[in-house]
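# Overview (structure and organization)
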Amino acid sequence: SKGTPLEDEWSTLRPNKSLLLAVCAACIGGTFQYGYNISVINAPTKSVQNFINQTWLERYDEDISEQYLTLLWSNIVSIFTIGGFIGATIGGTLAIRFGRKGTLMMNNAFALLAALLMGLSYPTGLFELLIVGRFFTGVNAGIGICVQPLYLGEIAPRALRGAMAMGTSIFITGGILTGQVIGLKELLGKEEHWPILLCTTCIPAFLQLLILPWFPESPRYLLIDRGDDVGCRKAMKQLHGTDNFDREREDMERERVNAIGIKPKKPWQLFMDRSLRWQVLTIILLNAAQQLNGINAIYFYTDYVFEEAGIPDVNIPYVTVGTGACECLTALTCGMLIETLGRKVLIIGGYTLMAFWCICFTLTLTFQGAGVWMPYLSMGCVFAFILSFGLGPGGVTNILTTELFTQTSRPAAYMIGGSVNWLSFFVIGMVFPFIVTKLQQYCFLVFLVISVLVAVYIFLVVPETKNKTFLEIHTEFQSGDKRKASNADDGPRTTLLSTPL
């Protein structure tokens, strides 16, 4: 039975319980793993270095040199980004071949293998297993951060697409926070517990293997890629409820008709497609800026700022947990605001605020000794910058990758965006220490310029995508190209013919 118009509108804005649980099931073994494995490696730094030194002494009857120990530890930490890059490059292909849900299920094999290898490193005395294990955690994270947002964007109804896709950043920040908490001395942060700590990456994998099979494959994938109309209807009924999926089904059917005879595109085909050039440029810039906007620099300076504020060394890990909780809270806030304010307002606002806090942080670090209250201003800037990042770039970037592309282009777009993100992550890890050494606190002026340029680009180029179908967004980009071409040629204004929506 049909409800009143008010009830129908409310039902579209209130997610079905099954949809919420499907989002959680996908995220726990997806981007949660990414966030968790970034932060959990920080706690056992000294313990693992002691293990490497002890193993080296037993093998070669001499202590390992400080330089070689640093090199081995750097490899353990940075190999994660190499694995992530490889995972991102294969994630889209796997999502086309095995489905979004199928790829997420298979991806847990990498997490379980990584946990096994890192757990065996201590009893076998092979620190090399830590490097291999971290590589596989990277592959797991790379595939997860590529395929999981794809799945979320395709299972959510149009009116809730942004809010549901925010599960990606909510679970990343939740993973970071969980890693920080579990790494505290009161839990698994003691020296003797580090092998167990690194093994805990298997827990989210087991949870996803237990929970995700109860939820369906992406309805869009079933209909458009597999031509399974019955499976699509069954999946939508479970995810959206029995009364409110007809309009979504019509949108999918239009996109299916539009994609007839078109095979899923490869990444290099996106670069050659002139109708997608602005979308491709947008995801490249946004994914690079997500790593190069200064958030890593803020975390680098966090301990120094907290020490200057007079916080004892033993308490700094607990304050760092506070920064993780701050980022997690902001992701949740962004999830509540995104369908009200829209993507464009949040991401431009986030980058603008980050630019402002870059100026403030540079000033407070420069005049750190001007007064006893100055370090506390620096602390305020740290939390304000993290809040601004979570409110905009941290939350919206992955959603835009979903929304700027149609079904045949989306997996390749995630492969491009993910690869750029991981490469930028690797580059900033390699280059940032040198930038800090040369520029010191003035490094934030570089991030200021990046934030301002990205905000201007989004304002000028990227349309608002809130509550629009994927075809409508695609048409809007093409219409912009047509207008520019028409103005350049001084010819008559042309109208793009597209599937009626």
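Residues numbered from 1 in each chain as written. Predicted model: local features only at pLDDT ≥ 70, side-chain atom pairs only at ≥ 80, totals over all residues. Heavy atoms only, no water.

An unreviewed UniProt entry lists the protein under the name Solute carrier family 2 member 11b, from Oncorhynchus mykiss. You can read under Subcellular location (unreviewed entry) in the UniProt record for the protein the words "Membrane". Within the UniProt record for the protein, the comment given under Sequence similarities (unreviewed entry) is "Belongs to the major facilitator superfamily. Sugar transporter (TC 2.A.1.1) family." (UniProt positions renumbered as here; feature names shortened; annotations may be inferred.)

## Considering the overall build of the protein
Looking only at helices and strands, one finds 24 helices and 0 strands in the protein. Relative to its length of 501 residues, the protein is compact, with a C-alpha radius of gyration of 24 Å against a globular reference of 23 Å. Taken along its principal axes, the extent of the C-alpha atoms in the protein is 75 × 50 × 45 Å. When the 501 residues of the protein are sorted by exposure, 55% land in the buried category. (Helix = DSSP H or I, 4+ residues; strand = E, 2+ residues; numbered from the N terminus. Rg over C-alpha atoms; globule rule 2.2 N^0.38 Å. Buried < 20%, exposed > 50% of the residue type's maximum accessible area, 1.4 Å probe, protein only.)

## Re helix H2 (residues 17–28)
Across its 12 residues, H2 extends 17 Å between first and last C-alpha, which sits within 8% of the 16 Å expected from 1.5 Å per residue. Turning to H2, its buried residues number three or more, namely Ser18, Leu19, Ala22, Val23, Ala25, Ala26, Cys27 and Ile28. (Expected span 1.5 Å × (residues − 1).)

## As for the packing of aromatic side chains
Per the stated rule, a full pass over the model turns up 14 aromatic pairs. Consider the rings of Phe51 and Tyr122, whose centres lie 5.7 Å apart with planes at 50°: the pair is tilted. In this pair, Phe51 sits in helix H4 (residues 45–60) while Tyr122 sits in helix H6 (residues 100–124), placing the two residues 71 residues apart along the sequence. Geometrically, the ring pair formed by Phe444 and Phe447 is edge-to-face, given 5.9 Å between the ring centres and 70° between the ring planes. Note that Phe444 and Phe447 are positioned in helix H23 (residues 443–461) at a spacing of 3 residues, about one turn of the helix. Phe444 gets classed as buried once you look at its relative accessible area, which sits at 0%. For Phe447, a relative accessible area of 4% gives the class buried. These aromatic residues form a ring-pair network of at least three members: Tyr34, Phe80, Trp422 and Phe425. When the ring centre of Phe459 is taken as reference, the NZ or CZ atom of Lys344 above it lies at 5.9 Å. (Phe/Tyr/Trp six-rings, centres within 6.5 Å; stacked < 30°, edge-to-face > 60°. Lys NZ or Arg CZ within 6 Å of the ring centre and 35° of its normal.)

## Some details on the pattern of salt bridges
Summed over the entire model, instances satisfying the criterion amount to 13 salt bridges. Salt-bridge contacts for Glu403 lead to Arg161; the nearest nitrogen and oxygen are separated by 2.9 Å. Here Glu403 is found in helix H21 (residues 393–403), whereas its partner Arg161 is found in helix H8 (residues 161–165), with 242 residues between them in sequence. The exposure classification of Glu403 matches that of Arg161, with both residues buried. Linking Lys265 and Asp273 is a salt bridge whose minimum nitrogen-to-oxygen distance equals 2.6 Å. One network of salt bridges, with partners in common, ties together Asp229, Arg233, Arg249, Glu253 and Arg256. (Salt bridge = Lys/Arg side-chain N within 4 Å of Asp/Glu carboxyl O.)

## Some details on the packing of H2 against helix H7 (residues 128–155)
In the contact formed by H2 and H7, the axes pass within 10 Å of each other and the chain directions differ by 170°. Judged by the inter-axis angle, H2 sits roughly antiparallel to H7. In this structure, H2 uses Leu19, Ala22, Val23, Ala26 and Cys27 to contact H7, whose residues at the interface are Gln148, Tyr151, Leu152 and Ile155. Per-class residue counts for the contact of H2 with H7 are 8 nonpolar, 1 polar and no charged. (Axes fitted to C-alpha atoms, helices over the stretch in contact; angles between N-to-C directions. Parallel < 35°, antiparallel > 145°, perpendicular 65-115°, else oblique. Contact = heavy atoms within 4.5 Å. Nonpolar A, V, L, I, M, F, W, Y, C, P; charged D, E, K, R; others polar.)

## Examining the nonpolar core
Phe444 and Ile458 are the most contacted members of the largest nonpolar core, which has 102 residues in total. In terms of nonpolar packing, the next biggest core, distinct from the first, is built from 20 residues, Phe51, Leu69, Ala114 and Leu130 among them. (Core = buried A, V, L, I, M, F, W, Y, C linked by side-chain atoms within 4.5 Å.)

## A few points about the environment of Ile435
Among the secondary structure elements, Ile435 is positioned in helix H22 (residues 410–439). Using a relative accessible area of 23% as the deciding quantity, one classes Ile435 as partly exposed. In this structure the C-alpha to C-alpha distance between Ile435 and Val446, which are 11 residues apart in sequence, comes to 9.7 Å. Not counting chain neighbours up to four residues away, the residues in contact with Ile435 comprise Gln440 and Cys443.

## With respect to the packing of helix H19 (residues 343–366) against helix H20 (residues 374–391)
Look at H19 against H20: their axes get within 8 Å of each other, and the N-to-C directions meet at 165°. The orientation of H19 relative to H20 falls into the category roughly antiparallel. Note on packing geometry: the crossing formed by H19 with H20 is left-handed. Across the interface between the two elements, Leu346, Gly350, Leu353, Met354, Trp357, Cys358, Cys360, Phe361, Thr364 and Leu365 from H19 touch Met374, Leu377, Ser378, Cys381, Val382, Ala384, Phe385, Ser388, Phe389 and Leu391 from H20. Classifying every residue of the contact of H19 with H20 by side-chain character gives 16 nonpolar, 4 polar and no charged. (Left-handed = near helix turned anticlockwise from the far one by under 90°.)

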